[in-house]
Amino acid sequence: MQSSLAFQSPDEIKRLQEHGLRGLLTYLEQYSPYYRDLFREKGVDIHSIHTLEDLQTLPFTGKEALQQRNNDFLCTGRDRIIEYASTSGTLGSPVTVALTENDLTRLAYNEYLSFTCADGSPADVYQLMLTLDRQFMAGIAYYSGLRKLGAGIIRLGPGVPSLQWETIRRLGPTVIVAVPSFILKLLEYARESGIDPNTSSVISAVCIGENIRNNDYSLNILGKKITGAWNIRLYSTYASTEMQTAFTECAAGRGGHLQPELLIVELVDEAGEPVPPGVPGEVTITTLGVEGMPLLRYRTGDICVYDPAPCTCGRHSLRLSPVIGRKKQMIKFKGTTLYPPALFDLLNEMEEVSDFAVEVYSNEVGLDEVLLYLQAADTEKGTDHRIRAYLQARLRVSPTIRYVTAPELQQIHFPGSGRKAEKFIDRRTKREENETGWQPGA
């Protein structure tokens, strides 16, 4: 078994990251059309970059550049590309990320580290309740990482609670990998079908795509609903296709651990300046060891806080909080600032709401309006009143509500051939990056 650099001393982690950074800059200048142009345009002398602190003198890479010049980020010939993954396009046009054989090996190593961080072992059997095709990097990453771990794998894919439970009964997985809101659907089906989840073989869940914790690392409503009905341990993860790396919790549940041999991470404010621990900042990443499409100071748009203190698990790597929100998804509604995760938590709290989607659009004067598509738990007269009163009390404002059926909500969540449920639909007129009004701690 290979061990992670995260267990080394902070000084050793920094030394090896700086060595990796210098190698990356040389590689980019030699092979990346995009970064070669950027270095020339900005007058960057890569030989003057020696430390992690020197990173702050280098220009950022934005998502728009990756969208508009996608092919110019490729550092190898197409004959060396083995896999083409794609982002989901949540914040604009999808981006293709091309991976070489070495990148796939790195991806497997990343997930091997992630699963071991989440207390996985070769004795475990994992049931994968997620998309495994449609250019979804996470699907191939989990599968490859579990193969490296030597664990058993059940590639069942998303949806169909009846089939998930039948497979759990028949094959006895010890861990499930799933979106938390789908785990709630599993529990709803179990309740309706007389299945006691606590008699199953499952002892833990690796949760992807949605927060299960508050910013103080306590379980949020979604996490509490799962553990209140199913006595399993939850492990949270955070990742993106572009970084080709994941931040995964250990048993301490105090943030997702950075894999320092694979990624350098900075958290910066609106002006691009570093923020101190505990202050919200935009996650900005520099990839290490990526061959096909490496990235330098790439601003993800995700807002988190970080903790550099050593963890009780023995790792010394930086830890990231749950995602507070995405920079471009901030909602300014009638004087109130909202991020979708906070609104999702609010809706998950309500027993009267079975499922939901949130749509934001611009009104005739360009201000944000919020429309909630709600699947109500019942049709009793008092349900609508309780929902509206609760939202008014918690938000201090009243969004528009439209009640929909489960099939209608399914069409809203999956409007085309998407692989992820769209719970946040942004139909606002496009605003410039510097008009978001985001500030640290907003």
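The rules behind these values
Residues numbered from 1 in each chain as written. Predicted model: local features only at pLDDT ≥ 70, side-chain atom pairs only at ≥ 80, totals over all residues. Heavy atoms only, no water. Helix = DSSP H or I, 4+ residues; strand = E, 2+ residues; numbered from the N terminus. Rg over C-alpha atoms; globule rule 2.2 N^0.38 Å. Contact = heavy atoms within 4.5 Å. Areas by Shrake-Rupley, 256 points an atom, 1.4 Å probe, with all protein chains shown as cover. Lys, Arg positive; Asp, Glu negative; His and termini not counted. Charge placed at Lys NZ, Arg CZ, Asp CG, Glu CD. Axes fitted to C-alpha atoms, helices over the stretch in contact; angles between N-to-C directions. Parallel < 35°, antiparallel > 145°, perpendicular 65-115°, else oblique. Left-handed = near helix turned anticlockwise from the far one by under 90°. Nonpolar A, V, L, I, M, F, W, Y, C, P; charged D, E, K, R; others polar. Salt bridge = Lys/Arg side-chain N within 4 Å of Asp/Glu carboxyl O. Buried < 20%, exposed > 50% of the residue type's maximum accessible area, 1.4 Å probe, protein only. Core = buried A, V, L, I, M, F, W, Y, C linked by side-chain atoms within 4.5 Å. 1 Å grid on protein atoms, 1.4 Å probe; cavity = no way out; pocket = protein on both sides within 12 Å on 5 of 7 lines; lining within 4 Å. Points joined across faces, edges and corners; volume = space filled by probe spheres on them. Polar contact = N/O pair within 3.5 Å; in protein donor to acceptor, adjacent residues only side chain to side chain.

So, the overall build of the chain
Part 1 of the reasoning: Counting secondary structure elements, the chain contains 11 helices and 21 strands.
Part 2 of the reasoning: The C-alpha radius of gyration computed for the chain amounts to 22 Å, which stays within 12% of the reference 22 Å derived for 442 residues, consistent with globular compactness.
Part 3 of the reasoning: Counting only C-alpha atoms and orienting by the principal axes, one finds that the chain spans roughly 70 × 60 × 40 Å.
Part 4 of the reasoning: Considering only intrachain contacts with a sequence separation of at least 6, the fraction spanning at least 24 residues in the chain is 67%.
Part 5 of the reasoning: As presented, the chain carries roughly 19,700 Å² of accessible surface, and 49% of it is formed by carbon and sulfur atoms.
Part 6 of the reasoning: Within the chain, one finds 46 positive and 54 negative side-chain charges whose respective centroids are separated by 2 Å.

Some words on the packing of helix α9 (residues 340-349) against helix α10 (residues 381-395)
Axis angle and axis distance: for two packed helices, these are the angle between their axes and the distance between the axes, and together they describe the pair.
Part 1 of the reasoning: One way to put it is that α9 packs onto α10 with a least axis distance of 11 Å and a crossing angle of 140°. Considering the angle they form, α9 stands oblique to α10. For the pair α9 and α10, the crossing hand works out as right-handed. Touching Leu343, Leu346, Leu347 and Glu349 of α9 are Tyr390, Leu391, Arg394 and Leu395, all from α10.
Part 2 of the reasoning: Class assignment of the residues belonging to the contact of α9 with α10 gives a composition of six nonpolar, no polar and two charged.

Quick notes on the pattern of salt bridges
Part 1 of the reasoning: The final tally for this structure, using the stated rule, is 21 salt bridges.
Part 2 of the reasoning: A salt bridge links Glu53 to Lys14; the shortest N-O distance between them is 3.3 Å. Residue Glu53 is located in the loop between α2 (33-42) and α3 (63-68), and its partner Lys14 is located in helix α1 (residues 10-31); the two are separated by 39 residues in the primary sequence.
Part 3 of the reasoning: Residue Glu53 is classed as partly exposed on the basis of its relative accessible area, which comes to 43%.

Focus on the nonpolar core
Part 1 of the reasoning: One finds Tyr35, Phe247, Leu296 and Leu320 to be the most contacted residues of the largest nonpolar core, which totals 51 residues.
Part 2 of the reasoning: A per-element tally of this core places α1 first, with five residues.
Part 3 of the reasoning: Beyond its immediate chain neighbours, meaning those up to four positions away, Leu320 contacts Tyr217, Tyr238, Phe247, Gly255, Gly256, Leu267, Val283, Cys304, Val305 and Tyr306.
Part 4 of the reasoning: Among the nonpolar cores identified, the runner-up in size contains 21 residues, and Ile331, Leu346, Val358 and Val370 belong to it.

Thoughts on the layout of surface pockets
Part 1 of the reasoning: Taken as a whole, the second largest pocket spans an internal volume of roughly 590 Å³.
Part 2 of the reasoning: Gln17, Leu52, Val265, Tyr306 and Leu318 are the residues nearest the centre of the second largest pocket, which is lined by 24 residues in total.
Part 3 of the reasoning: Elements supplying a minimum of two residues to the lining of the second largest pocket: α1 and β10 (263-268).
Part 4 of the reasoning: Top element by residues in the lining of the second largest pocket is β10. It accounts for five residues.
Part 5 of the reasoning: When its residues are assigned to classes, the lining of the second largest pocket shows 15 nonpolar, five polar and four charged.

Quick look at the side chain of Arg319
Part 1 of the reasoning: By the element assignment, Arg319 lies in strand β14 (residues 319-320).
Part 2 of the reasoning: Residue class for Arg319 comes out buried when judged on its relative accessible area of 4%.
Part 3 of the reasoning: At a separation of 2.9 Å, a polar atom in the side chain of Arg319 contacts the main-chain carbonyl oxygen of Arg254.
Part 4 of the reasoning: Of the polar contacts made by the side chain of Arg319, one reaches the backbone oxygen of Ala309; its length is 2.8 Å.
Part 5 of the reasoning: What Arg319 contacts, discounting residues up to four positions off in sequence, is Arg254, Gly255, Gly256, His257, Val305, Tyr306, Asp307, Ala309, Pro310 and Cys311.

Considerations on unusual backbone geometry
Part 1 of the reasoning: Positive phi outside glycine occurs at Asp119, with the angle close to 65°.
Part 2 of the reasoning: Position of Asp119 relative to the elements: it lies in the loop between α4 (101-117) and β3 (125-128).
Part 3 of the reasoning: Not every positive phi belongs to a glycine, and Val160 is a case in point at roughly 55°.
Part 4 of the reasoning: Secondary-structure assignment places Val160 in the loop between β4 (152-155) and α6 (161-171).

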